[in-house]
Amino acid sequence: MTSTADHVATIDQLRVRDFPAQRTADGRVASGPGFHVADLRVSEDFWDADLTRVEEVLEEFEAELGVLDQVLTLRWGAPDVLDLTDSLERSGMGEPVPPPLDTLCGYVPELRVWRVDGRWVGLGVGQGDRELPFQLLVAIGEEGTI
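Now for a quick tour of the structure. (Residues numbered from 1 in each chain as written. Predicted model: local features only at pLDDT ≥ 70, side-chain atom pairs only at ≥ 80, totals over all residues. Heavy atoms only, no water.)

Turning our attention to the pattern of salt bridges. Within this structure, the stated rule accounts for 13 salt bridges. Close ionic contact of Arg 41 with Glu 64 constitutes a salt bridge, the shortest N to O distance being 2.6 Å. A residue pair is termed long-range when its members are at least 10 positions apart, and Arg 41 in strand β3 (residues 35-42) and Glu 64 in helix α2 (residues 51-76) qualify at 23 residues. A single burial state applies to Arg 41 and to Glu 64, both of which are buried. The partner of Glu 60 in a salt bridge is Arg 53, with the nearest N and O atoms 4.0 Å apart. For Glu 60, a relative accessible area of 35% translates into the label partly exposed. Put simply, Arg 41, Glu 44, Arg 53, Glu 56, Glu 60 and Glu 64 are held in one network by salt bridges that share partners. (Salt bridge = Lys/Arg side-chain N within 4 Å of Asp/Glu carboxyl O. Helix = DSSP H or I, 4+ residues; strand = E, 2+ residues; numbered from the N terminus. Buried < 20%, exposed > 50% of the residue type's maximum accessible area, 1.4 Å probe, protein only.)

In C-alpha cells, the structure reads:
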C-alpha cells in the first residue's frame, strides 16, 4: 500500500512533467495535451462483494482523500470543489467537454482543485460502476482549462 508521502511525491512529479502532444498511457498515468491523470490507489473489484465490503472500501478511500486534502491545503490553501455533473450532462448530450474532464466525469462526481504555478491539481475518488474498483486519483491540467 502506498503512503500519503508517496502520493504527494507522485503529485509533485506530475506537476512539473511536460504535457505530451498526443494522448499516451504509461502504467497508471494517462496524459495528453494539457493534462495528466494518475491513479494514486486502486481497490479490488466488487463482482462478488457484499455491500458492507463496498462501503468499507469507499470509507477508506474517502479517508485517504481527506488526508491528502489536508496535506495539500496546508501547502496551497483551501481547494475549490468542482462538481463534474455538468460535464457529464454535456458529454451525454454530445457537447464538447475538455480533457481530462471528458473522461473523469464518467466516474468521478467531484474534484477538489488547487491552482498552483499555472496549473490546476485535482483530487477525487471515483468508481466506474458498482462492480468496478474505486480509484483515488490526481488530475493535473493547464490553468484555464477548467
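That covers the picture; the talk isn't over yet.
All right, on to the nonpolar core then. Of all hydrophobic cores here, the largest spans 23 residues; its most connected members are Ile 11, Leu 40, Leu 68, Leu 123, Phe 134, Leu 136 and Val 138. Val 37, Val 97, Leu 104 and Ala 139 belong to the second-largest nonpolar core, a separate cluster that totals 14 residues. (Core = buried A, V, L, I, M, F, W, Y, C linked by side-chain atoms within 4.5 Å.)

Here we take up the pairing of β3. With 6 of 8 residues buried, β3 lies mostly within the body of the structure. Here strand β2 (residues 29-32) pairs with β3 via 4 bridges, running antiparallel. Bridge pairing links Val 29 to Ala 38 in β3. Count of turn residues in the β2/β3 antiparallel hairpin: 2 residues, of which Gly 34 carries a positive phi of about 85°. In this structure, β3 lies alongside strand β7 (residues 134-142), joined through 7 bridges in antiparallel fashion. Across the sheet, Arg 41 pairs through a bridge with Leu 136, a residue of β7. (Pairing = 2+ DSSP bridges.)

The next subject is the side chain of Ser 87. Along the chain, the position of Ser 87 falls in helix α3 (residues 85-92). Its relative accessible area of 7% is what places Ser 87 among the buried residues. Beyond its immediate sequence surroundings of up to four residues, Ser 87 is in contact with Val 97, Leu 101 and Cys 105. (Contact = heavy atoms within 4.5 Å.)

Our focus in this paragraph is the sheet that holds strand β4 (residues 80-83). Strands sit in the order β1-β2-β3-β7-β6-β5-β4 across an open sheet of 7 strands; the sheet is antiparallel. Each of the sheet's edge strands pairs with one partner strand only, and the pair in question is β1 (24-26) and β4. Averaged over all pairs of adjacent strands, the angle between their axes in this sheet comes to 20°, without regard to strand direction. Direction of pairing for strand β6 (residues 119-127) relative to β7: antiparallel, over a ladder of 9 bridges. (Axes fitted to C-alpha atoms, helices over the stretch in contact; angles between N-to-C directions.)

What follows deals with the pairing of β6. Working note: regular strand, side chains alternate between the two faces of the sheet. Burial of β6 is extensive: 8 of the 9 residues sit out of reach of the surface. Bridge count between strand β5 (residues 110-116) and β6: 5 bridges; the pairing is antiparallel. Following the sheet pairing, Val 116 is matched in β6 by Arg 119.

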